[in-house]
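Residue strings, one per chain:
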Amino acid sequence: MSTSTQSTCTFTFTADDGTELAYHVQGEGEPLVCLPGGAMRASAYLGDLGGLSAGRRLILLDLRGTGDSAVPADPSTYRVDHQVADVEALRIHLGLDGVDLLAHSAAGNLALLYTAAHPRRVRRLAMITPTCWAVDLTESPEARLADVRRRGGGEPYDTAIAAYGRALDALAAGEVPAEADWAAAMPLAYGRWDGEARAHAALSPVQKNAEASAAFAGPGAFDPPATRAALGRFAGEVLVLAGELDSNPSPALAARLARLFARGVVDVQRGGGHFPWLDEAPWFAARVERFLATGA
């Protein structure tokens, strides 16, 4: 089934457990399967990835329970390792022998698990400001706070840094950070806190499935040693793109992830935050397209 709105077409397919999942198609050219982060935020926030749709046919998957995809009968399937089968079902539905794959933020974990499970199905993998829990790569709260303090010295960043510190303290204590602190810290996620960034951030609570997000990285989701070993054998090319101003991951952590792959490379977007296509769209789209066309 398909519906169309302006230049975006929406299609559905059925996952192995019977859940109806949706994906949105933008642009023309070679297909690029795009996995959204959040965790568990509708793919609409990706937009056209800074104009990447000019040369690629973007296949923007709404993960189960988000966007136009149905809520699964079993909420335990929100856990990221269960969603590997959804990505494989999409590949089969599209009739592709292999895919170019792009993953943003928390979906980096889904891409890592999919690549480890189906290495021959991934041609090139572009990881955009990814979190790396699946391979046990994280930074301490102290390091993350030190990263964002570089932006201090004026508003809205001083207030955002204080709120980010409170949120990290809550996490370290095993508590749920206050929503107000996360909201106040949002300027740190963007290279520029302008009107576009504010509107983009304001949509996050609406586009994210909170229940699914809480279950995404639940107990049992990851086996880092096994995943690392599988990724070390992956023969495809990998781009890990970090934002210069991002703290999760920092450019240093992104470089550590790239080194797990035999053919991995890291690149850092100057002035970029966690959503780098919003900060310098032409540079971002050109860098990703160059990687997809010519490799790392």
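Reading guide: rules and limits
Residues numbered from 1 in each chain as written. Predicted model: local features only at pLDDT ≥ 70, side-chain atom pairs only at ≥ 80, totals over all residues. Heavy atoms only, no water. Helix = DSSP H or I, 4+ residues; strand = E, 2+ residues; numbered from the N terminus. Rg over C-alpha atoms; globule rule 2.2 N^0.38 Å. Contact = heavy atoms within 4.5 Å. Areas by Shrake-Rupley, 256 points an atom, 1.4 Å probe, with all protein chains shown as cover. Lys, Arg positive; Asp, Glu negative; His and termini not counted. Charge placed at Lys NZ, Arg CZ, Asp CG, Glu CD. Buried < 20%, exposed > 50% of the residue type's maximum accessible area, 1.4 Å probe, protein only. Pairing = 2+ DSSP bridges. Polar contact = N/O pair within 3.5 Å; in protein donor to acceptor, adjacent residues only side chain to side chain. Core = buried A, V, L, I, M, F, W, Y, C linked by side-chain atoms within 4.5 Å. Salt bridge = Lys/Arg side-chain N within 4 Å of Asp/Glu carboxyl O. Arc of directions from axis to C-beta. 1 Å grid on protein atoms, 1.4 Å probe; cavity = no way out; pocket = protein on both sides within 12 Å on 5 of 7 lines; lining within 4 Å. Points joined across faces, edges and corners; volume = space filled by probe spheres on them. Nonpolar A, V, L, I, M, F, W, Y, C, P; charged D, E, K, R; others polar.

What follows deals with the overall build of the protein chain. Scanning the protein chain for helices and strands turns up twelve helices and nine strands. The globule rule puts the C-alpha radius of gyration for 296 residues at 19 Å, and the 18 Å found for the protein chain is close to it. If one aligns the C-alpha atoms of the protein chain with their principal axes, the spans along those axes are about 50 × 45 × 40 Å. Taking all contacts inside the protein chain whose residues are at least 6 apart in sequence as the whole, residues at least 24 apart take part in 72%. Here the protein chain displays about 12400 Å² of accessible surface, and carbon together with sulfur accounts for 53% of that area. If you average the places of the 26 positive and of the 35 negative side-chain charges in the protein chain, the two averages end up 7 Å apart.

The buried fraction of strand S4 (residues 30–35) amounts to five of the six residues, a majority that puts the element mostly inside the structure. Direction of pairing for S4 relative to strand S5 (residues 56–62): parallel, over a ladder of five bridges. Bridging across to S5, Glu-30 finds its partner in Arg-56. Relative to strand S6 (residues 99–104), S4 runs parallel, the two being bridged by three bridges. Counted as the bridge partner of Val-33 is Leu-101 from S6.

Attention now goes to the side chain of Arg-124. When you line up the elements, Arg-124 lands in strand S7 (residues 122–128). At a separation of 2.7 Å, a polar atom in the side chain of Arg-124 contacts the main-chain carbonyl oxygen of Leu-292. Arg-124 has contacts with Val-99, Asp-100, Leu-101, Glu-237, Phe-291, Leu-292, Ala-293, Thr-294 and Gly-295, leaving out every residue within four places of it along the chain.

This part covers the nonpolar core. Counting residues in each nonpolar core, the largest one holds 50 residues, and the members touching the most others are Leu-35, Leu-112, Leu-125, Val-135, Leu-257 and Phe-261. The element contributing the most residues to this core is helix H2 (residues 107–117), with six residues. For Val-135, the contacting residues outside a window of four places in its chain are Leu-112, Pro-224, Thr-227, Arg-228, Leu-231, Leu-257 and Leu-260.

As a further point, take the pattern of salt bridges. Scanning all chains against the criterion turns up 14 salt bridges. Among the ionic pairs, Arg-123 bridges to Glu-30, the shortest N-O distance being 3.8 Å. Of this pair, Arg-123 sits in strand S7 while Glu-30 is found in strand S4, placing the two residues 93 residues apart along the sequence. Here Glu-30 falls in the partly exposed class, since its relative accessible area comes to 45%. Arg-123 serves as the salt-bridge partner of Asp-100, at 3.4 Å between the closest nitrogen and oxygen. Taken together, the residues Asp-100 in strand S6 and Arg-123 in strand S7 connect sequence positions 23 residues apart. On the basis of relative accessibility, which here comes to 4%, the residue Asp-100 falls in the buried class.

Moving on, we get to the environment of Arg-259. Within the element layout of this structure, Arg-259 appears in the loop between helix H10 (251–258) and strand S9 (264–269). Sequence separation of Arg-259 and Ala-134 is 125 residues, and the distance between their C-alpha atoms is 15 Å.

Along helix H9 (residues 224–232), the positions that sit buried rather than exposed are Pro-224, Thr-227, Ala-230 and Leu-231. Viewed along the axis of H9, the buried residues span an arc of 130°, placing them on a single side of the element. Looking at the buried side of H9, the elements it contacts are H2.

Now for the layout of surface pockets. Taken as a whole, the largest pocket holds about 1700 Å³ of empty space. As for the largest pocket, its lining consists of 47 residues, and the residues nearest its centre are Gly-38, Ala-39, Trp-182, Lys-208 and Ser-213. Of all the elements in the fold, those that place two or more residues in the lining of the largest pocket are helix H3 (141–148), helix H4 (157–172), helix H5 (179–185), helix H6 (195–202), helix H7 (204–207) and helix H8 (210–216). A breakdown of the residues in the lining of the largest pocket according to their chemical character gives 27 nonpolar, eleven polar and nine charged.

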